[in-house]
Amino acid sequence: MKRVFVAGHKGMVGSAICRQLASLEGVELVVRDKNGLDLLNQAAVADFFSNESIDQVYLAAAKVGGIVANNSYPADFIYENLMIEANIIHSAFRSGVKELLFLGSSCIYPKMAEQPMREEALLTGLLEPTNEPYAVAKIAGIKLCESYNRQYGVDYRSVMPTNLYGENDNFHPENSHVIPAMMRRFHEAKLRGDSEVVVWGTGKPMREFLHVDDMAEASVFVMELDKSTYEENTSAMLSHINVGTGVDCTIAELAETLADVIGFDGEVVYDSTKPDGTPRKLMDVSRLKAMGWQAKTSLKEGLSSTYTWFLNNQDRFRS
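Thresholds, definitions, all that
Residues numbered from 1 in each chain as written. Predicted model: local features only at pLDDT ≥ 70, side-chain atom pairs only at ≥ 80, totals over all residues. Heavy atoms only, no water. Helix = DSSP H or I, 4+ residues; strand = E, 2+ residues; numbered from the N terminus. Buried < 20%, exposed > 50% of the residue type's maximum accessible area, 1.4 Å probe, protein only. Lys, Arg positive; Asp, Glu negative; His and termini not counted. Salt bridge = Lys/Arg side-chain N within 4 Å of Asp/Glu carboxyl O. Polar contact = N/O pair within 3.5 Å; in protein donor to acceptor, adjacent residues only side chain to side chain. Pairing = 2+ DSSP bridges. Right-handed = clockwise from strand over helix to strand, strands pointing away. Axes fitted to C-alpha atoms, helices over the stretch in contact; angles between N-to-C directions. Expected span 1.5 Å × (residues − 1). Arc of directions from axis to C-beta. Contact = heavy atoms within 4.5 Å. Phe/Tyr/Trp six-rings, centres within 6.5 Å; stacked < 30°, edge-to-face > 60°. Lys NZ or Arg CZ within 6 Å of the ring centre and 35° of its normal. Disulfide = S-S within 2.5 Å.

Draft legend 1. Examining the side chain of Glu208 more closely. When you line up the elements, Glu208 lands in the loop between strand 8 (206-207) and strand 9 (209-211). Comment: no salt bridge for buried Glu208; closest opposite-charge side chain is Arg280, at 8.6 Å. Of note is the side chain of Glu208, whose polar atom sits 3.1 Å from the side chain of Thr162. A polar contact is formed between the side chain of Glu208 and the backbone nitrogen of Thr245, at a distance of 2.8 Å.

Draft legend 2. Structural view of the pattern of salt bridges. Summed over the entire model, instances satisfying the criterion amount to 18 salt bridges. Residue Arg19 is joined to Glu167 by a salt bridge in which the shortest nitrogen-to-oxygen separation is 3.3 Å. Separated by 148 residues along the polypeptide, Arg19 in helix 1 (residues 12-22) and Glu167 in the loop between strand 6 (163-165) and helix 6 (178-192) bring together distant segments of the chain. A relative accessible area of 27% places Glu167 in the partly exposed class.

Draft legend 3. Quick peek at the pairing of strand 2 (residues 27-30). By the bridge criterion, 4 bridges tie strand 1 (residues 2-7) to strand 2 in an arrangement that is parallel. In the strand pairing of strand 2, Phe5 is matched with Val30. Of the crossover connections in this fold, the one passing from strand 1 over helix 1 to the parallel strand 2 is right-handed.

Draft legend 4. Broad picture of the sheet that holds strand 13 (residues 280-281). Read across the sheet, 3 strands follow the order 11-8-13 without closing on themselves; strand pairing throughout is mixed. Pairing within the sheet leaves two strands with one partner each, and these edge strands are strand 11 (249-250) and strand 13.

Draft legend 5. Spatial organisation of the sheet that holds strand 2. Overall, parallel pairing links the 6 strands, which are arranged 2-1-3-4-5-10 in an open sheet. Single-partner strands in this sheet number two, and they are strand 2 and strand 10 (241-243). Strand-to-strand twist of the sheet, defined as the mean angle between neighbouring strand axes without regard to direction, takes the value 25 degrees.

Draft legend 6. Spotlight on helix 11 (residues 299-312). Compared with an ideal rise of 1.5 Å per residue, which puts 14 residues at 20 Å, helix 11 spans 20 Å between its outermost C-alpha atoms and is within 8% of the ideal. When helix 11 is considered as a whole, its buried residues turn out to be Gly302, Leu303, Thr306, Tyr307, Trp309 and Phe310. One side of helix 11 holds all its buried residues, which, seen down the axis, span an arc of 160 degrees. Taken together, the buried residues of helix 11 touch strand 6, helix 6, strand 9 and helix 9 (251-262).

Draft legend 7. Focus on unusual backbone geometry. Going from Gln115 to Pro116, the amide bond is cis rather than trans, its omega being -10 degrees. Relative to the elements of secondary structure, Pro116 occurs in the loop between strand 4 (99-103) and helix 5 (132-152). At Leu123, a position not held by glycine, the phi torsion is positive, near 65 degrees. Phi angles above zero are rare outside glycine, and Asn168 is one such case at about 70 degrees. Secondary-structure assignment places Asn168 in the loop between strand 6 and helix 6.

Draft legend 8. The arrangement of helix 9 in detail. Taking 1.5 Å as the rise per residue, helix 9 with 12 residues should run 16 Å; its terminal C-alpha atoms sit 16 Å apart, in good agreement. Taken together, the buried positions of helix 9 are occupied by Ile251, Leu254, Ala255, Leu258, Ala259, Val261 and Ile262. Looking straight down helix 9, one finds that the buried residues subtend no more than 165 degrees of arc, so they occupy a single side.

Draft legend 9. Representation of the packing of aromatic side chains within the structure. The final tally for this structure, using the stated rule, is 11 aromatic pairs. Between the aromatic rings of Phe186 and Phe264, the centroid separation amounts to 5.6 Å while the plane-to-plane angle is 65 degrees, which identifies the pairing as edge-to-face. You can see Phe186 sitting in helix 6 and its partner Phe264 sitting in the loop between helix 9 and strand 12 (267-271), a full 78 residues away along the chain. Neither Phe186 nor Phe264 differs from the other in exposure class; each is buried. Pairwise contacts between aromatic rings join Phe171, Tyr307, Trp309 and Phe310 into one cluster. Here the basic side chain of Lys63 rests over the ring of Phe77, its NZ or CZ set 5.2 Å away from the ring centre. Stacked on the ring of Tyr230, the Lys or Arg Arg157 has its end atom at 4.2 Å from the ring centre.

Draft legend 10. The arrangement of the state of the cysteines in detail. Evaluated as defined, the whole model comprises 0 disulfides. Cysteine Cys18 remains unbridged, with the sulfur of Cys145 as its closest cysteine sulfur at 19 Å. Accessibility expressed as a relative area gives 13% for Cys18, which makes it buried. With no disulfide of its own, Cys107 has Cys145 as its nearest cysteine by sulfur position, at a separation of 16 Å.

Draft legend 11. Summary view of the environment of Ala86. Following the sequence through the fold, Ala86 ends up in helix 4 (residues 74-94). Ala86 sits 44 residues away from Gln42 along the chain, and the two C-alpha atoms are 8.7 Å apart.

So this is what it looks like as structure tokens:
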């Protein structure tokens, strides 16, 4: 029986990884909430690993937030994420864990990276200023894994997901990302009988979205890849792997699909006085595809299942 620690098991990605691992034979899941293990406490993390005989680690724990949170609390974002990953990676190594998967973010790439963004774009330009502290911490996580691999011969890998959505997402009216924010807005407009929903910007920017269950499947796939296949498709100092669909859509197409899924039959209006943000953010997923994995869930299918989950869990999101 393989004892697998999922750090961040209550988050959207961590919970999806737990669901994926629970369906496999020979896996004993090990999880701890914040009350059971403070990941910012180096001694506590070290004690946990020395006492638990962990075989594998999925490092999905992180301090995350939208633009406002990243701008308001940059010190918290860089400090907490650096401490979480450093404590877990170092203690995992000290206790003899040979296999670890670190989950990063597409924000590691330069603001002006060529589209679609290839793994080789890392550290080739300036980051988006609003989330630079978070991005720097995630880049440090990749380099921690690579450095322990190079110095100690362990097998610590990294995956960089595109924009994620799905079960256990954050539907807070101010602090959520684009899909849960728009889903809630369309849902509430439908309940009120509104004739229109206003979407910020022109609707022209393009974004890529990956369902979190696909992300979890990809994470387990990368973790379980035989070492020779992984090393054939990566290098010692460029070891991270993009995870996405390789397909994007305009914000307008997203809005129209959401309106259809939710059953909102009013008009979608675009407020062009509001900022659009980056014109396009698309991941190049050819490296992962060459290894044998690609996403399965279509955007409409994923939005439909997410909306069903939202309807069944609305009490969590009363503001």
